[in-house]
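Read off the chains here:
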Amino acid sequence: MICLFTLLVVFNLLVSQCHGGCAEVDSLTEAVAGEGFLLGCISCKRREEVSARSTVDWHFKPLGEDEFRHIFHYDHPSAEILHEDFSDRLEWHGTKTRDIQIGAIYIHKVIFNDTGTYRCTINRTLFLPHYDQLVAVVKEVELNVVAVANRELTVVIAEIMMYVLIVVLQLWLVVVLVYCYKKISEEHEARDARKALKAQAELLESKDICDGVQLE
């Protein structure tokens, strides 16, 4: 029973489980020139049962400037690029329903002039039983465009920890299997010993009966 429970624990640790739901994750902040880049913007509803309608606006402030430019607007199902610097380079990668929780956009062929501050604004109307509530969520992304991708230290550490965890779990699994094998072998040996003793006792008993018959 202990072996089975331990194996189940190991199996549950090795198998990843996917859970549905919304999670607010910050956008990445480093793009490589000439490649594509996803600008993340997530705003989760606190009450999923409440219906809503949302629109998303993206503004951009280039590095060294003081004013934001309106570059993108999304109102399901239509998306509109509003600034010529991003003409044919922006694509909607967010929620494709009226109730928007993910307002991400994708930049094609990133250039160095895309470095700067991006502001995502999600304007949400919650349709409550007695009134409508307007909620505005604003998030900013400081984007840096580089020639060659730099691996962040946290990513390297995460990869190392992942491999260490895999090795530890594999070693643990080997130890558990060896332990279970020895446990089962000992049980088999003990069972065989009990059978041998029982057979020997029966043989001695039958021999005593035979000796008694001969004496009579």
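The coordinates are above.
About the thresholds
Residues numbered from 1 in each chain as written. Predicted model: local features only at pLDDT ≥ 70, side-chain atom pairs only at ≥ 80, totals over all residues. Heavy atoms only, no water. Pairing = 2+ DSSP bridges. Helix = DSSP H or I, 4+ residues; strand = E, 2+ residues; numbered from the N terminus. Axes fitted to C-alpha atoms, helices over the stretch in contact; angles between N-to-C directions. Phe/Tyr/Trp six-rings, centres within 6.5 Å; stacked < 30°, edge-to-face > 60°. Buried < 20%, exposed > 50% of the residue type's maximum accessible area, 1.4 Å probe, protein only.

*Asks:* I'm lost on the sheet that holds strand E7 (residues 105-107) in this one. Help?
*Replies:* Through backbone hydrogen bonds, the strands of a sheet pair up, either in parallel or in antiparallel fashion. Pairing is antiparallel across the open sheet formed by three strands, whose spatial order is E2-E7-E6. Every interior strand has two partners, whereas the edge strands, strand E2 (37-39) and strand E6 (90-92), have only one. Across the sheet, the mean angle separating the axes of adjacent strands is 30° when strand polarity is ignored. The pairing of E2 with E7 spans three bridges and is antiparallel. Across the sheet, the residue bridging to Leu39 is Ile105, located in E7.

*Asks:* Would you mind going over the packing of aromatic side chains with me for this structure?
*Replies:* Taken as a whole and assessed by the stated rule, the structure comprises five aromatic pairs. With centroids separated by 6.4 Å and ring planes inclined at 75°, the aromatic side chains of Phe86 and Tyr118 adopt a geometry described as edge-to-face. Placement of the pair is Phe86 in the loop between strand E5 (78-81) and E6 and Tyr118 in strand E8 (residues 116-127), with a sequence separation of 32 residues. When sorted by exposure, Phe86 lands in the same class as Tyr118, which is buried. Every member of this aromatic cluster is reached through a ring pair, and the members are Phe60, Phe86 and Tyr118.

*Asks:* Mind showing me how you'd approach the sheet that holds E8 here?
*Replies:* As summarised here, the arrangement of the six strands in space is E1-E9-E8-E3-E4-E5, forming an open sheet in which the pairing is mixed. Two strands close off the open sheet at either side, each with one partner strand: strand E1 (30-32) and E5. Here the average twist between neighbouring strands, direction ignored, is 25°. Relative to strand E9 (residues 132-146), E8 runs antiparallel, the two sharing twelve bridges. Opposite Thr117, over in E9, you have Glu142 as the bridge partner.

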